[in-house]
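Chains, contacts and geometry: an overview
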Amino acid sequence: INKSETVLTPYFAYANDQYYHTTRFNNQLIAEKKFNNASQLQFTGAYSWYEYIRNTYRKNMVDLTEQLTPEVLDDDTTVFRALFVRTTHVYARPGTKWSLLSGFDVNYESGQGRRIDNAEHHMNDVAAYVSIDFKPLEQLTVRPSVRAIYNSQFNAPLVPSLNVLYRLANKWSFRASYSKGYRAPSLKEQHLNFVDNGIHNVQGNPDLLAEKSTQVTGGVEYRQAWEDLVLTIEPGVFYNSIREKISLVQFDANSTLYTYINLDRFNSRGLELKSRLAHRQFNVQAGIAYTGTWGTFEGDLEQPEMAWYPEVNAAVDYTLKKSKTTFSLFWKYYGERPVFLMTGDASLARFDNESFQMMDASFRQNFLADRIVLTLGAKNLLNVTNLRSAASGGAHSGGSGGEAPVGMGTTFFTKLTFIIK
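Residues numbered from 1 in each chain as written. Predicted model: local features only at pLDDT ≥ 70, side-chain atom pairs only at ≥ 80, totals over all residues. Heavy atoms only, no water.

Considering the confidence of the model for the protein chain
- Looking at the protein chain as a whole, its pLDDT mean stands at 88, while 90% of the residues score no less than 70.
- Counted against residues more than four places away or in other chains, residues 393-400, with its pLDDT under 50, gives 19 contacts. (pLDDT = per-residue confidence, 0-100. Contact = heavy atoms within 4.5 Å.)

Structural data, given as structure tokens:
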């Protein structure tokens, strides 16, 4: 509810109040079938429906009656629908050195309403993929994969990848991967005009291009197991290169208006260290990453070669053995990181968002021999919504920056899972 200031005259007093109603349905079905010892079929289907209704009422502040305002643009109904289907077949005959995974997935998205050009938009995305696991040696696994994509709006390339895993003495594992990536902009990024009580104003960009990327990763895992204690330590490195990266930028420091643009080139690289300690009912995880980013926009943006920032996370789970009740807590720290802001001459300046922390908590309980699982939880317990931005060096930077949206504040959720055997 957005209550406006009251208009007072000698003859009447009224206010134009806005009411926002949002309804979401998210449904998912998962099934699998084993045909024999070597073949298995998995199916996932999901359908989501989102409806947003905005009504504006003129409220009489004397007798407190309300009626819809006559302006057509004061009211709106926006509906989004999304359908996802994935079918995967796994063939792995015991005793052989190879196995095969193949399948396809379908994504369909539609949206209509005044906030998306007062029109109806659709997007289809269909993909087929195949992956082979080959073990020339007992300790070595090589996995080449390829994915073919059809998109109703964009020309999608073949997306290959190669993963290698080498295990040594049951304690050490070495991993490396090389992969291509592709992501088409969503309908919301292209067409949705989102206004939230005058706080946030995000306009879609119908001229967005699809992202194309390259990723290289490498890592080591050390695993040590005792009678009732398991310790794993995983250092790793990564490198990403993205063409036409889709980014959300602010129009200027004094405005709440945001839009999406394509960065010509975007690189990120970094180091990370993850660890996990499991002891009976306790499970503790922690990690730290140090990431550097660099990007250009129409060759006009100047910034240091790399802008580095840290991230630290920790999570803990505790399960009551008798009741099978699990309590979980997750925390993450984000260091100062670069963001982009559009200036009055349509060029970009680089700013740094202030550091912040996020915390989530949940409670999970099993019933009826684990066939029903109830989860209750809260996200963003620290109620982080907006971040301040400070100017960085560069040809077009200047000013004190603005605020960038991060989240919608603290939210609570419940999830009920039924397992049919």
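Observations regarding the pattern of salt bridges
- Enumeration over the complete set of coordinates arrives at 9 salt bridges.
- Close ionic contact of Arg-183 with Glu-189 constitutes a salt bridge, the shortest N to O distance being 3.3 Å.
- With a relative accessible area of 32%, Arg-183 lands in the partly exposed category.
- Taking the shortest distance from any N to any O, the salt bridge between Asp-370 and Lys-324 comes out at 3.3 Å. With Asp-370 in the loop between β21 (356-367) and β22 (372-379) and Lys-324 in the loop between β17 (307-320) and β18 (325-334), this residue pair connects regions lying 46 residues apart in the sequence.
- Using a relative accessible area of 28% as the deciding quantity, one classes Asp-370 as partly exposed. (Salt bridge = Lys/Arg side-chain N within 4 Å of Asp/Glu carboxyl O. Buried < 20%, exposed > 50% of the residue type's maximum accessible area, 1.4 Å probe, protein only. Helix = DSSP H or I, 4+ residues; strand = E, 2+ residues; numbered from the N terminus.)

Overview of a nonpolar patch on the surface
- Taken together, Trp-98, Val-130, Ile-132, Phe-134, Val-146 and Leu-158 make up a surface patch of nonpolar side chains, about 520 Å² in accessible area.
- The biggest single contributor to the nonpolar patch is strand β7 (residues 119-137), with 3 residues.
- Considering the arrangement of structural elements, one finds Val-146 in strand β8 (residues 140-151).
- By relative accessible area, which is 32% here, Val-146 ends up partly exposed. (Patch = residues over 30% accessible without salt bridge, like charges linked within 9 Å, V, L, I, M, F, W, Y side chains within 5 Å. Areas by Shrake-Rupley, 256 points an atom, 1.4 Å probe, with all protein chains shown as cover.)

So, the side chain of Thr-78
- Here Thr-78 is to be found in strand β5 (residues 76-91).
- The class of Thr-78 is buried, set by a relative accessible area of 0%.
- Separated by 3.0 Å, the side chains of Thr-78 and Asp-76 make a polar contact. (Polar contact = N/O pair within 3.5 Å; in protein donor to acceptor, adjacent residues only side chain to side chain.)

Section: the packing of aromatic side chains
- The final tally for this structure, using the stated rule, is 11 aromatic pairs.
- Residues Tyr-50 and Phe-80 carry aromatic rings whose centres are separated by 6.3 Å and whose planes lie at 50° to one another, so their mutual orientation is tilted. You can see Tyr-50 sitting in strand β3 (residues 39-60) and its partner Phe-80 sitting in strand β5, a full 30 residues away along the chain.
- We classify Tyr-50 as buried; its relative accessible area is 14%.
- Ring centres 4.9 Å apart and planes at 50° place the aromatic pair Trp-172 and Tyr-222 in the tilted group. (Phe/Tyr/Trp six-rings, centres within 6.5 Å; stacked < 30°, edge-to-face > 60°.)

Regarding the pairing of strand β16 (residues 282-296)
- Note that strand β15 (residues 257-279) and β16 share 15 bridges and pair antiparallel. The residue of β16 that forms the bridge with Lys-274 is Gly-287.
- Turn length for the β15-β16 hairpin, with the two strands adjacent in sequence and antiparallel, is 2 residues, and the turn residue Arg-280 shows positive phi of about 55°.
- Of the pairings in the sheet, the one linking β16 to β17 comprises 12 bridges and is antiparallel in character. Its bridge partner lying in β17, Tyr-290 is registered against Pro-310. (Pairing = 2+ DSSP bridges.)

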